[in-house]
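The chain contents come next:
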Amino acid sequence: MAGADRGAAVGGPSVGVKPTTMAQALSRSAAMRLEAPSEEALGALPALLMAAFGPGRFAKTSERVRENGARLDPALSRVAVDGGRVVGCCLLSHVRIGEAPGLFLGPLAVHPHAQKAGLGAGLVQATLEAAREAGSGAVILVGAPSFFMPLGFSVIPKGRITLPGPVDPARLLGISLTPGALEGMAGLVSGFPDASRP
C-alpha cells in the first residue's frame, strides 16, 4: 500500500473493471461507506494499520515523512466503514516539496478480511476526488506502479523529488490534480515543525 513502501495490490482493481466504476459502486453500497474520517475513525486506524501491515511499517521511508511533520488532512482523507467498523483508509497529508506545497498519500490500507475486492482503488479514487475538488495541485506517494499507474499516477523522474530516506526511484509516483502542477515541483519532501501526528 502507499506510504508503506511495499506493494499496493491489496484491495486492488479487478481485471477489466475501471477504477472510477469501482469507486462509484463502493460508495453506493448500503453496507460500505467511503467518507472523511471522524475522530472515532481516526482512533481506529492504528489497529487497522497493524492488521494490514504489521510492525514492519514503522521502518519504511514513508513513515519518516509522516514523523517529520507531514500534516494529516482529515477532510481530504477517506476511510471505508462497513457496519460501523473501519476496514480501510487512504490518508492525505500536507507536505512541502522543495518550497512548494503538495500532498503525500499514505498509508493506504485495507483490512485483510476486506482485501481483493477493489476497495483500495476505490479509496484512492475517492481521496483524489476530494483533493481535486479542494483545488489541490499534486499528490505524491511511494507504492507499486502496477497498482497506482492505472489510477493515473506516473513515475517521477529520478532525482527530481527526494524523501528523507532510501526509496526505489521506480516506486516514487505522482499525479497532477491541476495541469502541470507536478512538473513544477522538485526538491526534498518535508513537513511542518508544528504538525501533530495523528
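Scope of this entry: the structure provided in the associated data block.

Thresholds applied
- Residues numbered from 1 in each chain as written.
- Predicted model: local features only at pLDDT ≥ 70, side-chain atom pairs only at ≥ 80, totals over all residues.
- Heavy atoms only, no water.
- Phe/Tyr/Trp six-rings, centres within 6.5 Å; stacked < 30°, edge-to-face > 60°.
- Buried < 20%, exposed > 50% of the residue type's maximum accessible area, 1.4 Å probe, protein only.
- Lys NZ or Arg CZ within 6 Å of the ring centre and 35° of its normal.
- Helix = DSSP H or I, 4+ residues; strand = E, 2+ residues; numbered from the N terminus.
- Contact = heavy atoms within 4.5 Å.

Given two aromatic rings, their pairing is described by the distance between the two centres and the angle made by the two planes. For the coordinates displayed, the defined rule picks out two aromatic pairs. On the basis of an interplanar angle of 80° and a centroid distance of 4.7 Å, the ring pair of Phe 147 and Phe 148 is categorised as edge-to-face. Take Phe 147: its relative accessible area is 3%, and that puts it in the buried class. Judged by centre distance (5.6 Å) and plane angle (80°), the rings of Phe 148 and Phe 153 are edge-to-face. Classification of Phe 153 as buried rests on a relative accessible area of 3%. Positioned above the aromatic ring of Phe 192, the side-chain terminus of Arg 71 is 4.3 Å from the ring centre.

With respect to the element layout, Ile 161 can be found in strand β8 (residues 161-162). When the C-alpha atoms of Ile 161 and Ala 186 are compared, they prove to be 4.9 Å apart, with 25 residues separating the residues in sequence. The contacts of Ile 161, once residues within four sequence positions are left out, are Ile 97, Ile 140, Ile 156, Leu 172, Leu 182, Met 185, Ala 186, Gly 187 and Val 189.

The subject of this paragraph is unusual backbone geometry. Omega for the bond connecting Gly 106 with Pro 107 falls within 30 degrees of zero, at 0°, which places this linkage in the cis form. Here Pro 107 shows up in strand β5 (residues 100-110). Of note in this structure, Lys 116 is not a glycine but carries a positive phi near 70°. By the element assignment, Lys 116 lies in the loop between β5 and α4 (119-133).

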